[in-house]
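Structural description and commentary
Below are the chains, spelled out letter by letter.
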Amino acid sequence: MDTETPQQKYLNETFGLADSELTEIRAELHRHNLDHMSVSGSEARILQFLVRATGVKKIVEVGMLFGYSALALAKVLPDDGQIWSLEKNPVNFAIAQKFFARFDAGKKVCALSGDAADLLSDIEVEGPFDMVFIDADKAGYVKYLDWAERNVRPGGYIVGDNTFLFGAFWGETRDRQIGEKQIAVMKEFNARLADPKKYNSTLIPTVEGLTIAQKL
Ligand SMILES: C[S@@+](CC[C@H](N)C(=O)[O-])C[C@H]1O[C@@H](n2cnc3c(N)ncnc32)[C@H](O)[C@@H]1O
């Protein structure tokens, strides 16, 4: 979430997440100047809507940061639900762990430290999964999609955040360095998930772009 427009402000105020625990994580993100890295309240609410509307129980999240989206998802999981959340930066991991330990819904988060490329193969035995949420290094999205295609059950969901790639497809980069590799990877990610023979899917035009696909 970058600087809010009036429309985003309205959206976050009316369909955001008024939750004191999540607000604490948001404040910590703000203190570290990392607000923009986490999903906004209204985006988290789209993810929660998906989980509740479809009875998702087992989620994998690639990219935990301080645990904002993981905790938002954990809060709407049923009692026997679980989210495996992966983070390679040890500082982010330690901060998220602190929040998971303090908050009740954190019991549903299995937080794993390391590179997703390694951790994903370790957790395969826990699958098949109902949902994989991809929100980490953009150059890795196709690699994570390959894994998700094998490990999400038919009828389950693959969701990717930042799938407009900060406007890089149409020449806007919002002061970020976006390389050719990231552009090619994200184009392939969206093109594969847009295939109606394999997925019931759409790209929700949030500020960052949120691709949602149900595996057929
Ligand atoms: C956009 S942030 C995640 C935001 C989080 N999902 C939220 O909305 O609160 C991306 C995170 O992915 C982590 N990350 C990047 N590459 C990774 C990798 N290869 N394996 C695991 N985590 C990675 C980064 O350290 C960062 O904390």
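Every chain is numbered on its own, with residues counted from 1 as its sequence reads. Confidence filtering applies because this is a predicted model: local features only for residues at pLDDT of at least 70, side-chain atom pairs given and counted only at 80 or more, and all residues used for totals across whole chains, interfaces and linings.

A run of DSSP states H or I qualifies as a helix once it reaches four residues; a run of E qualifies as a strand once it reaches two. Both are numbered from the N-terminal end. With respect to the helices and strands, D130 occurs in strand β4 (residues 129-134). Separated by 61 residues in sequence, D130 and S69 have C-alpha atoms that sit 16 Å apart.

Moving on to the confidence of the model for the protein chain. As a per-residue measure, pLDDT tells how confident the predictor is, with possible values from 0 to 100. When pLDDT is averaged along the protein chain, the result is 96; 99% of the residues meet or exceed 70. Here helix α1 (residues 6-15) stands out as the least confident element of the protein chain, with mean pLDDT 92; strand β1 (residues 58-62) is the most confident, with 99.

This paragraph deals with the site of the ligand. In the vicinity of the ligand, 19 residues are found, and the nearest of them are S38, G63, Y68, S69 and A116. Elements with a contribution of two residues or more to the shell around the ligand: α4 (68-74) and β2 (82-87). For each residue, a C-beta atom is positioned from the backbone; the residue is called near a molecule or strand if that atom sits within 6 Å of it.

Moving on: helix α2 (residues 20-31). To estimate how far a helix should extend, the number of its residues minus one is multiplied by 1.5 Å. Between its first and last C-alpha atoms α2 spans 16 Å; for 12 residues at 1.5 Å apiece the expected length is 16 Å, and the two agree. Those residues of α2 not exposed but buried are L22, I25, R26 and L29. Down the axis of α2, the sector holding all buried residues measures 100 degrees, keeping them to one side. Of the exposed residues in α2, the ones pointing more than 90 degrees away from its buried face are S20, A27, H30 and R31. Immediately beyond the C-terminal end of α2, within one or two residues, lies N33, with a positive phi of roughly 60 degrees. Counting other C-beta atoms within 10 Å of a residue's own tells you its class, since 20 or more makes it buried, 12 or fewer makes it exposed, and anything in between is partly exposed; those C-beta atoms are placed from the backbone. Each direction from the helix axis to a C-beta atom contributes to the arc, which is the arc of those directions.

With that settled, the discussion passes to the sheet that holds β2. When DSSP finds two or more bridges between a pair of strands, those strands are recorded as paired. Strand order across the open sheet formed by seven strands is β3-β2-β1-β4-β5-β7-β6, with mixed pairing between neighbours. The strands lining the two open edges of the sheet, one partner per strand, are β3 (109-113) and β6 (199-204). Ignoring which end each strand starts from, the neighbouring axes of this sheet average 15 degrees apart. Seen against the sheet, helix α3 (residues 41-54) touches β4, β5 (152-161), β6 and β7 (210-215) and runs at an angle of roughly 10 degrees to β7. Angular values range over 0 to 180 degrees, each being the angle between N-to-C directions of two axes fitted as lines to C-alpha atoms, with helices fitted over their stretch in contact. Residue pairs are scored as contacts if the distance between their C-beta atoms, which are placed from the backbone, is within 7 Å.

Let us look at the packing of α1 against α3. In contact at an axis separation of 8 Å, α1 and α3 are set at 50 degrees when each is read in the N-to-C sense. Here α3 runs oblique to α1, going by the angle between their axes. The way α1 lies across α3 gives a crossing that is left-handed. Within the contact between the two elements, α1 uses L11, N12 and F15 and α3 uses G41, S42 and R45. Amino acids outside the nonpolar list (Ala, Val, Leu, Ile, Met, Phe, Trp, Tyr, Cys, Pro) and the charged list (Asp, Glu, Lys, Arg) are all regarded as polar, and Gly is one of them. Residues of the contact of α1 with α3, tallied by class, amount to two nonpolar, three polar and one charged. Should an angle fall under 35 degrees it is taken as roughly parallel, and over 145 as roughly antiparallel, whereas 65 to 115 is taken as roughly perpendicular and any remaining angle as oblique. Here a crossing is called left-handed whenever its near helix is offset anticlockwise from the far helix by less than a right angle, and right-handed whenever the offset is clockwise.

Okay, the pairing of β5 next. Residues in a regular strand point their side chains to alternate faces of the sheet. For β5, a buried count of seven out of 10 residues is recorded, marking the element as mostly surrounded by other parts of the structure. Sheet topology note: the β4/β5 ladder contains five bridges and is parallel. From the neighbouring strand, F133 faces β5, where its bridge partner is V159. In this fold, the crossover linking β4 to β5 by way of helix α7 (residues 141-151) has right-handed handedness. One ladder, built from five bridges, connects β5 with β7; its direction is antiparallel. Along β7, the bridge assignment pairs G160 with T211. We call a crossover right-handed when, viewed with both strands directed away from the observer, the connection leading from the first strand over the helix to the second proceeds clockwise.

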